[in-house]
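Here are the chains, one letter per residue:
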Amino acid sequence: MPTLLIVHHTPSPNCQSLFEAVLSGATAPEIEGVEVVRRAALAATASDVLAADGYLLGTPANLGYMSGALKHFFDQVYYPCLDTTAGRPFGFYVHGGNDVTGAVRAIESVTTGLGWRRAAEAVKVTGEPGKADTEACWELGATLAAQLMD
Ligand SMILES: Cc1cc2nc3c(=O)[nH]c(=O)nc-3n(C[C@H](O)[C@H](O)[C@H](O)COP(=O)(O)O)c2cc1C
């Protein structure tokens, strides 16, 4: 069964609400035949990445970059997964206080290096997530999972 791997760093209730919306979209009843695996960024391994067919990343913006936790994830998996995972679809969401530009750029840079294919627009949220933000995250999860359906 195709597998969607969600790798997220979720340190606060605002980040949690985005994560839950992504998960809800990815596991919606319309999505059939796709296994959704979620891993905290500090627990995700190269084996998780190699075993999956698509990726969904979630992080807060920290100091103008992705979180240290997601950076650690990429540090761990980059070379073990290079080549093998090129071309696989991915999407991501970023939550910040006021400016997520650097975090978005960082994720685009590392995923370009890996050769992953962006399969949905990034969802960028600042402050308390509103209905449109959680809906965008739901769509993000559903879009990635739908692309993995046979
Ligand atoms: C050390 C630190 C650095 C941060 N750097 C940024 C940043 O560069 N850009 C930004 O938009 N938010 C930044 N934030 C805010 C976090 O992204 C935000 O706290 C996180 O997404 C959780 O959201 P919440 O605090 O609204 O629950 C930073 C927070 C911390 C603790």
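Residues numbered from 1 in each chain as written. Predicted model: local features only at pLDDT ≥ 70, side-chain atom pairs only at ≥ 80, totals over all residues. Heavy atoms only, no water.

A. Highlighting the overall build of the protein chain. Of regular secondary structure, the protein chain possesses five helices and seven strands. Compactness check: the protein chain gives a C-alpha radius of gyration of 14 Å against a globular reference of 15 Å for 150 residues, within 12% of the reference. Counting only C-alpha atoms and orienting by the principal axes, one finds that the protein chain spans roughly 35 × 35 × 25 Å. Residues counted as buried form 51% of the 150 residues belonging to the protein chain. Excluding contacts between residues fewer than 6 apart, the proportion of contacts in the protein chain whose partners are at least 24 apart in sequence is 84%. (Helix = DSSP H or I, 4+ residues; strand = E, 2+ residues; numbered from the N terminus. Rg over C-alpha atoms; globule rule 2.2 N^0.38 Å. Buried < 20%, exposed > 50% of the residue type's maximum accessible area, 1.4 Å probe, protein only. Contact = heavy atoms within 4.5 Å.)

B. Quick peek at the site of the ligand. The environment of the ligand is made up of 13 residues, and the closest members are Ser12, Ala61, Leu63, Gly64 and His95. Between the ligand and serine 12 there is a distance of 2.5 Å, counted from an oxygen atom to a side-chain nitrogen or oxygen. In this structure, histidine 95 approaches the ligand through a side-chain N or O atom, which is 2.6 Å from an oxygen atom. Contact with the protein chains removes 61% of the 620 Å² of surface that the ligand exposes when unbound. At three residues, the largest contribution of residues to the shell around the ligand is made by strand E3 (residues 54-62). Split into classes, the residues belonging to the shell around the ligand amount to four nonpolar, eight polar and one charged. (Near = heavy atom within 4 Å. Polar contact = N/O pair within 3.5 Å; in protein donor to acceptor, adjacent residues only side chain to side chain. Areas by Shrake-Rupley, 256 points an atom, 1.4 Å probe, with all protein chains shown as cover. Nonpolar A, V, L, I, M, F, W, Y, C, P; charged D, E, K, R; others polar.)

C. Representation of helix H3 (residues 68-81). Between the first and last C-alpha of H3 there are 19 Å, a value that for 14 residues agrees with the 20 Å anticipated at 1.5 Å per step. Bending of H3 peaks at approximately 25° at the position of aspartate 75. Along H3, the residues that are buried comprise Ala69, Leu70, Phe73, Phe74, Val77, Tyr78 and Cys81. The secondary structure elements touched by the buried residues of H3 are strand E1 (3-8), helix H2 (46-51), E3, strand E4 (65-66) and helix H4 (101-114). Directly after H3, the chain includes aspartate 83, whose backbone phi takes a positive value near 75°. (Expected span 1.5 Å × (residues − 1). Bend = angle between axes of the 7 residues up to and from the residue.)

D. Spotlight on unusual backbone geometry. Of note, leucine 63 is a non-glycine position whose phi angle comes to about 55°, a positive value. Checked against the element boundaries, leucine 63 lands in the loop between E3 and E4.

E. Representation of the state of the cysteines in the model. A full pass over the atoms with the stated rule returns zero disulfides. Between cysteine 137, a cysteine without a disulfide, and cysteine 15, which holds the nearest cysteine sulfur, the sulfur-to-sulfur distance is 10 Å. (Disulfide = S-S within 2.5 Å.)

F. Region of interest: the environment of proline 29. Here proline 29 lies in the loop between helix H1 (13-26) and strand E2 (35-40). Between the alpha carbons of proline 29 and aspartate 150 there is a distance of 15 Å; along the sequence they are 121 residues apart.

G. Representation of the packing of H3 against H4. Between H3 and H4, whose axes approach to 12 Å, the crossing angle comes to 10°. Between H3 and H4, the interaxial angle falls into the category roughly parallel. Of the two elements, H3 crosses H4, and the hand of that crossing is left-handed. Of the residues in H4, those in contact with Leu70, Phe74 and Tyr78 of H3 are Ile107, Val110, Thr111, Gly113 and Leu114. Residue composition of the contact of H3 with H4, by class: six nonpolar, two polar and no charged. (Axes fitted to C-alpha atoms, helices over the stretch in contact; angles between N-to-C directions. Parallel < 35°, antiparallel > 145°, perpendicular 65-115°, else oblique. Left-handed = near helix turned anticlockwise from the far one by under 90°.)

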